[in-house]
Each structure stands twice: as C-alpha cells, then as structure tokens.
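# Descriptive analysis of the structure
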Amino acid sequence: MNRDRRITREELKIAVHDAYFGLKDNKDGKNADYIPYLASVDKDLFGIAVCLPDGEMITVGDCSYRFGIESISKVATAILVLKDYGSGTLLDMIGADATGMPFNSVLAILLENEHPSTPLVNAGAISAVSMVCPVGNGRGKWDAIVKNIAELCGSEVTLIDELYRSESVSNHNNRAIAWLLKSYNRIYDEPEMSLDLYTRQCSLGVTATQLSIMAGTIACGGYNPTTGKRVFDEIYAEKVTSLLASVGLYEHTGDWMFSCGIPAKSGVSGGIIGVLPGIFGIAVFAPPIDSSGNSVKGQLALKQIMDNLGLHIFNGKRAVMVEEKAVTL
Ligand code: GLN
C-alpha cells in the first residue's frame, strides 16, 4: 500500500488562500491587554506565510507587518541553549516537559519539583536566557540572542522600543518567576538581567514572513532554506520540534496535537508558527487570542490548511511535495 501523501505547490497555495479568505472576517478572540502596547495593535491584521525547503515562499495578507515576537522567541532561545550546551544539559537544567498550565504559571514551578519544566513557558524561558553565553555579560548575551533570531529568520530583527517599555512596566509576574527560580537555583545568571533580556527578546519585531522562515529552518533540520546557511546542527531539530509538540500551545497543546497535528508555538501578540518536518514551516499572524494566549485565527488557519491537505504529523503517511498535478492516494 502506498503511504505517500502527495501534494503539489498549487494545492498548498490554494489551501493557504482558502484559509485566508475564509477566515479574514472572523472576529473571535481579543487582543492581549495585560501588555498595554498589544491592546493597541490593529485587531484585523491577518497574514499567512509558508516557507518551503527550496526557499520558495507562499504569502497572503499582512505578512510584512512587524509585530512583537513574544513567546515565539522562546523557541529561538531554546535552540541557542541546545547549541551552547547540548540536549542533555537542557534536559537537566530546565527540562522538556509540558506543564499543563498557563504560560506564566508560578504554581507549575512549585508542582514540578522546583523545576522550570520546559524552555517554552515563561519560567523555563527566563532560565534559558540566563544560560545564554557569555554568562555574566548582558551585552554579549543580547547580541547572541538577536543574531540567532536573525539567522533563523533569514534577515535582521530589531527591538520595538514602545513594546519593550510597555512590557517592562507590566512584567511583575515574570519578576516573581525570576526570583522564585533564583531561590531554587534554577537561574544561572543574574536574575534581573535575565528577566530584562527575556523581556527584550519578547519585544523584538518580526513579520509573519520571517517567522515562517524560522519555522522552515526547523522543518529543514537547522538549514535555512532562504539563506542557504546552516543555523544549528541537524540533531537538534527533533529536540526543538518535540518541545513544540509537547507544550507549544500551553495547556491546550494536547487538544491541538490531537485535532490539528502540527507542532506549533504561539505568542500573545497573535503570532503562531507550525513546523511540519521536511515539508514546510508556516506562520500566521492575527492579534486576537483565546483565553490561553493563542491566536484564534492562527489556530483556525493552521487547522484548515492541515485538514484540507490531509496532513497530520501522526497519520503514518509520508507527505511528499511533488511538482506535477498530484494524484491523491
Ligand atoms: N512577554 C510575554 C510574557 O512574558 C510573552 C507571553 C506569550 O507570548 N505567551 O508574558
């Protein structure tokens, strides 16, 4: 029996456009407002971008609008920690487990035996930032964080100053997390510096196009399809993608993987990336989020595209991109 799921670029393009036009007028969800800047972003912005392994891009809608990367930066910093320390140390010093709780949960740190669980929630991300090299050198760490995100995205990224200021005056919960981690020896650099670097990395401006290239780079085993450069060792792609699959949509990740089947990572600004290994990286931007902080239209768009193409990471079929008109078997 043929287990291939053959899809053409044309089918993929149609699925992306159908999702965009079908969901464009959806008004569900609400912009995050605990960070004042995010509440002021135009709630109707909507863009979908796909990056294919040969560097071809499919984009529709507002894919050039710069928004705060927010929690999607956690994926990049996890990659940096993997590069600096390897996967065994990441597992020991942070963990790779789902918390089943909101992204900013303090309780999760207490319940998980004083462990930050995973670099993809706030606690683990602050811990991950504290590990970024060179430890003890805030300027050097920041340069490493920005360079890594730019390499993953295939082009420069810069801070949205207004967002950084807005986050800095409202991040009391994250400060509590940083100091709680300190008391458990799970912060590996100065806590206030680690908190500030975490806040800054969340405030970096990116576009949906750039994020799809980051997702595409992970889908291509660390090779950036648009720059032709290797950003991280192939052995880490499966580690990063596993983190996405276990906790990328926080407490709803199980439901998400069950119903949609693409490892994904969201951010409260309305960005979401999806990684389908070897096939494509995708990013959606639409600011209104649900109660867990996941973009409403982003989730719907990814689900619709995956369903339309008959894709699910666990369906036992090998997705193959073909050039000619596909015969669906
Ligand atoms: N900067 C945000 C915070 O720390 C990021 C959260 C998110 O995107 N889920 O709360």
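Scroll up a little and you will see the structure.
Notes on the structure in this doc start here. Everything numeric in this text was worked out from a predicted model, so none of it was measured. (Residues numbered from 1 in each chain as written. Predicted model: local features only at pLDDT ≥ 70, side-chain atom pairs only at ≥ 80, totals over all residues. Heavy atoms only, no water.)

### Structural notes on the overall build of the protein
The secondary structure content of the protein amounts to 14 helices and 10 strands. For 329 residues, the compact-globule estimate of 2.2 N^0.38 gives 20 Å, and the protein sits close to it at 19 Å. Here the C-alpha coordinates of the protein stretch approximately 60 × 40 × 35 Å along the principal axes. The burial tally for the protein puts 57% of its 329 residues in the buried class. Restricting to contacts in the protein with at least 6 residues of sequence separation, those with at least 24 account for 71%. Averaging the locations of the 29 positively and 37 negatively charged side chains of the protein gives two centres separated by 2 Å. (Helix = DSSP H or I, 4+ residues; strand = E, 2+ residues; numbered from the N terminus. Rg over C-alpha atoms; globule rule 2.2 N^0.38 Å. Buried < 20%, exposed > 50% of the residue type's maximum accessible area, 1.4 Å probe, protein only. Contact = heavy atoms within 4.5 Å. Lys, Arg positive; Asp, Glu negative; His and termini not counted. Charge placed at Lys NZ, Arg CZ, Asp CG, Glu CD.)

### Some thoughts on the packing of helix α6 (residues 122-131) against helix α10 (residues 191-202)
Put simply, α6 and α10 touch, their axes get as near as 9 Å, and they point 110° apart. As judged from the angle between their axes, α6 and α10 are roughly perpendicular. Contact residues: α6 offers N122, A125, I126, V129 and S130, while α10 offers S194, L195, L197, Y198 and Q201. The residue inventory of the contact of α6 with α10, partitioned by class, reads six nonpolar, four polar and no charged. (Axes fitted to C-alpha atoms, helices over the stretch in contact; angles between N-to-C directions. Parallel < 35°, antiparallel > 145°, perpendicular 65-115°, else oblique. Nonpolar A, V, L, I, M, F, W, Y, C, P; charged D, E, K, R; others polar.)

### A closer look at the sheet that holds strand β9 (residues 280-285)
Pairing is antiparallel in the open sheet, where five strands are placed in the order β3-β2-β9-β8-β7. Each edge of the sheet is formed by a strand with only one pairing partner; in this case those strands are β3 (57-61) and β7 (264-266). Pairwise comparison of adjacent strand axes, ignoring direction, gives a mean angle of 10° for this sheet. Taken together, the five bridges between strand β2 (residues 47-51) and β3 define a ladder with antiparallel strand orientation. The residue of β3 that forms the bridge with I48 is V60. Helix α11 (residues 208-219) contacts β2, β3, β8 (271-276) and β9 of the sheet and is inclined by roughly 150° relative to β9. (Pairing = 2+ DSSP bridges.)

### Notes on empty space enclosed by the protein
The tally for this structure, following the rule as stated, stands at one cavity of 30 Å³ or more. Of the voids in this model, the largest cavity is the one considered here, and its volume is about 50 Å³. In terms of lining, the largest cavity is formed by 13 residues, of which the most central are F103, S105, A108, V121 and A123. Mapped onto the lining of the largest cavity, the elements with two or more residues apiece are α5 (107-111) and α6. When the residues that make up the lining of the largest cavity are grouped by side-chain class, the tally is eight nonpolar, five polar and no charged. (1 Å grid on protein atoms, 1.4 Å probe; cavity = no way out; pocket = protein on both sides within 12 Å on 5 of 7 lines; lining within 4 Å. Points joined across faces, edges and corners; volume = space filled by probe spheres on them.)

### Some points on a nonpolar patch on the surface
Residues L107, L110 and L111 make up a contiguous nonpolar surface patch of roughly 290 Å² in combined accessible area. Residue L111 is classed as exposed on the basis of its relative accessible area, which comes to 55%. (Patch = residues over 30% accessible without salt bridge, like charges linked within 9 Å, V, L, I, M, F, W, Y side chains within 5 Å. Areas by Shrake-Rupley, 256 points an atom, 1.4 Å probe, with all protein chains shown as cover. Salt bridge = Lys/Arg side-chain N within 4 Å of Asp/Glu carboxyl O.)

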